[in-house]
Amino acid sequence: MGGREATMVLLDENGIRCDGRKIDETRKIMIKAGVLKNADGSAYIEFGDNKILVGIFGPRDVHPKHMSDTDTGILRVRYHMEPFSVTERKNPAPSRREIEISKVIKEALEPAVMLEKFPRTAVDVFIEVLQADGGTRCAALSAASVALADAGIPMRDMVAACASGKVADTIVLDVNNEEDQAGQADMPIGYMPNLKKITLLQLDGILTSDEFKKCVDVGINGCKIVYELQKKALTDKYFGNGSN
Ligand code: ADP
């Protein structure tokens, strides 16, 4: 971030970004619920060129037993990037980055899931990034919420996620990979629109306090766009065209 000189035009004189979007526009988003036969719940998301699959297993027994909690259920999240998901082959072993993102997504989902309803058990969230293009944690978090709902896990709300950021001194919605690399700031946000609560907020880069507030507002607007598509994925599966 920021370290490399931008060789491309990140924002032209008409306010159009390097991938043709306006500053307040997200990439194209498609979400589908219930795509894996063997999982208790699942979802697939395409968020621009990101392609991510999420499978939910549980609530189920915890092994080893001492990892369980008699008062509450536990959420376990594994975020994994396929070796072929990026241009240079990625080592399939869990990287520090994947371990961090797994933790961040787990903590972002926990406020939404009614874990107290299934003590002593675990719900496993497996996230497979098939193709990555910047913003995978937000796309994965959004898909994981849909997959949890698809599994029938009781939830207070779904977490919708989208990043905002600063590119060419301008606050923009949904930072892509080039903008993340050459831009000035990237702020992934996870938000529960019904409860109006933020469950994920990270910032890579430097912002003034006014820019920070604007980034939060812009990011939350992006989350609201994602939320509508999450609900649509579920209604399409359960009340929709019957293709599932
Ligand atoms: P996020 O995907 O949530 O934006 P990062 O900011 O850490 O997370 O990563 C930005 C992007 O960098 C990823 O979406 C991916 O396109 C790319 N990337 C991450 N890890 C690798 C890697 N090992 N090799 C090549 N590209 C990577």
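Provided above is the structure to which this section pertains.
What you see is a predicted model, and the numbers here were worked out from it, not measured in a lab.

Student: Break down the overall build of the protein chain for me, with residues and values.
Tutor: Broken down by element type, the protein chain carries 4 helices and 10 strands. Counting from the amino terminus, the protein chain carries its helices and strands in the arrangement β-β-β-β-α-β-α-β-β-α-β-β-β-α. When its C-alpha atoms are laid out on the principal axes, the protein chain stretches across 55 × 40 × 35 Å. Put simply, the protein chain has 244 residues, and 49% of those count as buried. Across the protein chain, contacts joining residues at least 24 apart in sequence account for 67% of those joining residues at least 6 apart. In the form shown here, the protein chain has an accessible surface area of approximately 12100 Å², with 52% of it arising from carbon and sulfur atoms. Placing the 32 positive and 36 negative side-chain charges of the protein chain at their respective mean positions leaves the two points 6 Å apart.

Student: Let's hear about the nonpolar core: which residues, and what values?
Tutor: By size, the foremost hydrophobic cluster in this structure holds 63 residues, and its most contacted members are V54, L75, I105, L109, V125, I127 and L148. Among all residues touching L148, those that are not within four sequence positions of it are I56, L75, L109, V113, V123, V125, I153 and M155. In terms of nonpolar packing, the next biggest core, distinct from the first, is built from 5 residues, L10, V167, V172 and A182 among them.

Student: So what's going on with helix α2 (residues 136-150)? Which residues, and what values?
Tutor: For α2, with 15 residues, the first-to-last C-alpha span of 20 Å sits near the 21 Å given by 1.5 Å per residue. Burial of α2 is extensive: 14 of the 15 residues sit out of reach of the surface. Backbone geometry just after α2 places G152 at a positive phi near 80 degrees.

Student: Hey, could you go over the pattern of salt bridges for me, with residue numbers and the actual values?
Tutor: Going through the model one piece at a time under the given rule, you end up with 18 salt bridges. For the salt bridge of E179 with R21, the shortest nitrogen-to-oxygen distance reads 3.8 Å. Remark: R21 occurs in the segment before β1 (29-33) and E179 occurs in helix α3 (residues 177-182); sequence separation between them is 158 residues. If you follow the salt bridges from partner to partner, you end up with R17, D19, R21, R27, D133, D174 and E179 in one network.

What counts and what doesn't
Residues numbered from 1 in each chain as written. Predicted model: local features only at pLDDT ≥ 70, side-chain atom pairs only at ≥ 80, totals over all residues. Heavy atoms only, no water. Helix = DSSP H or I, 4+ residues; strand = E, 2+ residues; numbered from the N terminus. Buried < 20%, exposed > 50% of the residue type's maximum accessible area, 1.4 Å probe, protein only. Contact = heavy atoms within 4.5 Å. Areas by Shrake-Rupley, 256 points an atom, 1.4 Å probe, with all protein chains shown as cover. Lys, Arg positive; Asp, Glu negative; His and termini not counted. Charge placed at Lys NZ, Arg CZ, Asp CG, Glu CD. Core = buried A, V, L, I, M, F, W, Y, C linked by side-chain atoms within 4.5 Å. Expected span 1.5 Å × (residues − 1). Salt bridge = Lys/Arg side-chain N within 4 Å of Asp/Glu carboxyl O.

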